[in-house]
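Results of the structural survey
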Amino acid sequence: MTLILALETSCDETAAALVRDGRHIVSNVVASQVDLHQRYGGIVPEIASREHVLKIVPVLEEALAPLEDAGEEVDAVAVTYGPGLAGSLLVGLNVAKAMALAWSKPLLAIHHLEAHLYANWLITGEEGAVPPRFPCLCLVISGGHTSLVLMEDHGRYRQLGQTLDDAAGEAFDKAARILGLGFPGGPLVEQAARQGQPQRYRLPRAWLHQTHDFSFSGVKTALYRLAQEQRRAEASLHYGEKVPPEEARPGEVPRLSRAGEFPPLSGQVTADLAAAFQEAVVDVLVRKTVQAAGIYGVLEVLLAGGVAANGRLREEMALRVNVPLRVPRPDLCTDNAAMVAAAAYYHFARGERSSLDLDVYPNLPLV
Ligand code: KG4
Ligand code: ZN
């Protein structure tokens, strides 16, 4: 039995977890900073790192609570060392080093995206007991990354394609901002889209044929133009001849509210635009995944990262992928430390160890 303590502070979640044998969650504590960043419409790195400093010890204590003698029972300490925000990563890394040193236990440095993939190894229901089989195709869709990765074995990755501009999560966050929905965008767009008709507006899809790459900047710009048109139409409906000048000039960016958000649109238009946007992003993610799964003859498809929590994506992927599909439980799709511990177990089993003079790598590539 191997028990791993993991820490994760790469972005705006302070997290600690204990996982047994890479698959069984003993504890999993996540402190989200979403309320702090909400008023700025996005993550403020300085606030994030300061908050990690305040939260890391209570979060760690809560994660270790099930153990009687943590220093004896824990076999290794794992931590995310990149990619992510430098100031945030540093907090987790230094605490992990201190724990490893104090307990004389090995330190394991883990890549954040590899950790997202390993959320698929965590057992959360009966159906999860059989681990994923290789080769599998992984669609990694987070706030900062969108990649199709062929996983041939533990620790063996081939990047098949990636986004050429915005990440899928970033596109959802920007769409939420354009629609005046706030932050964090993904869940808010999904929620608004539930009341919407995706067919009312047609948004473009970037297929980038003959590649496994993605692009989401076109759909985002098209959404922005449509939202602008709708704002002007709604303003002229309300004000008649006295259209406010900032709303009246075509092509002009509408004035931002104090919270840094665009003014809201009417409920139904917002819902329809959110649904059309979600449909366009899901359509591309699903079709390109299905295509790559066929080309590489994979045994399974795995989703990973915050956007994999999206219900519409999960539903559509399950319908269209023709090999078994795995999707982590929604709370394990977004940032957490259990996934870091899961990934770390396989490094530990291979005899890998990290040095105590390890540094953070904000732009660390997976392959
Ligand atoms: O993996 P994650 O928690 O953090 C990063 O490593 O980036 O992903 C966060 C991203 C955010 O952009 C967020 O808007 C998106 O995942 N997200 C969603 C949903 N839940 C989170 N996007 C679409 N639908 C969701 N339900
Ligand atoms: Zn993440």
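Everything here concerns the structure above.
Everything in this summary refers to the structure shown in the same document.

Each value, and the rule that gives it
- Residues numbered from 1 in each chain as written.
- Chains lettered and ligands numbered in written order.
- Predicted model: local features only at pLDDT ≥ 70, side-chain atom pairs only at ≥ 80, totals over all residues.
- Heavy atoms only, no water.
- Pairing = 2+ DSSP bridges.
- Helix = DSSP H or I, 4+ residues; strand = E, 2+ residues; numbered from the N terminus.
- Contact = heavy atoms within 4.5 Å.
- Axes fitted to C-alpha atoms, helices over the stretch in contact; angles between N-to-C directions.
- Donors = N, O, S within 2.8 Å, 3.2 Å for Na, K, Ca; no water.
- Buried < 20%, exposed > 50% of the residue type's maximum accessible area, 1.4 Å probe, protein only.
- Polar contact = N/O pair within 3.5 Å; in protein donor to acceptor, adjacent residues only side chain to side chain.

Here the focus is the sheet that holds strand S6 (residues 136-141). In a beta sheet, neighbouring strands are held together by backbone hydrogen bonds and run either parallel or antiparallel to one another. Read across the open sheet, the 5 strands follow the order S8-S7-S6-S9-S10; overall the sheet is mixed. Looking along the sheet, the strands with just one partner apiece sit at the ends: strand S8 (156-162) and strand S10 (325-326). Pairing between strand S9 (residues 300-304) and S10: 2 bridges, direction parallel. The residue bridging Leu 302 from the neighbouring strand is Arg 326, located in S10. The strands that helix H10 (residues 267-296) touches are S6, strand S7 (146-153), S8 and S9; relative to S6, the one it contacts most, it runs at about 155°.

Right, let's get into the coordination of the zinc ion (ligand 2). Donor atoms from the polypeptide that coordinate the zinc ion (ligand 2) comprise His 112 (NE2), His 116 (NE2) and Asp 335 (OD), at 2.0 Å from the metal. Donor residues binding the zinc ion (ligand 2) come from one chain and are separated in sequence as H-x3-H-x218-D. Placement of His 116 in helix H5 (residues 112-118) and of Asp 335 in the loop between helix H12 (330-333) and helix H13 (338-349) is noted, with a sequence separation of 219 residues between them. Each member of the pair His 116 and Asp 335 is classed as buried.

Its place among the elements puts Asp 272 in helix H10. Look at Asp 272 and you get buried, because its relative accessible area is 2%. Once the C-alpha coordinates of Asp 272 and Pro 330 are considered, the two residues, 58 residues apart in sequence, prove to be 24 Å apart. Apart from residues lying up to four places away in sequence, Asp 272 is in contact with Gly 196, Gln 197, Arg 200 and Tyr 201. Within the local environment of Asp 272, its side chain forms a polar contact with the backbone nitrogen of Gln 197, the two atoms lying 2.7 Å apart.

Attention now moves to the sheet that holds strand S5 (residues 107-111). If you walk across this open sheet you meet the 5 strands as S3-S2-S1-S4-S5, and the pairing is mixed. Every other strand in the sheet has two partners, leaving strand S3 (24-32) and S5 as the edge strands with one partner each. Between one strand axis and the next, the sheet turns by 20° as a mean value, whatever way the strands run. When strand S4 (residues 76-82) meets S5, the two strands line up parallel, connected through 5 bridges. Looking at S5, one finds that Gly 82 is bridged to His 111.

In short, shape yes, function no, at least from these values alone.
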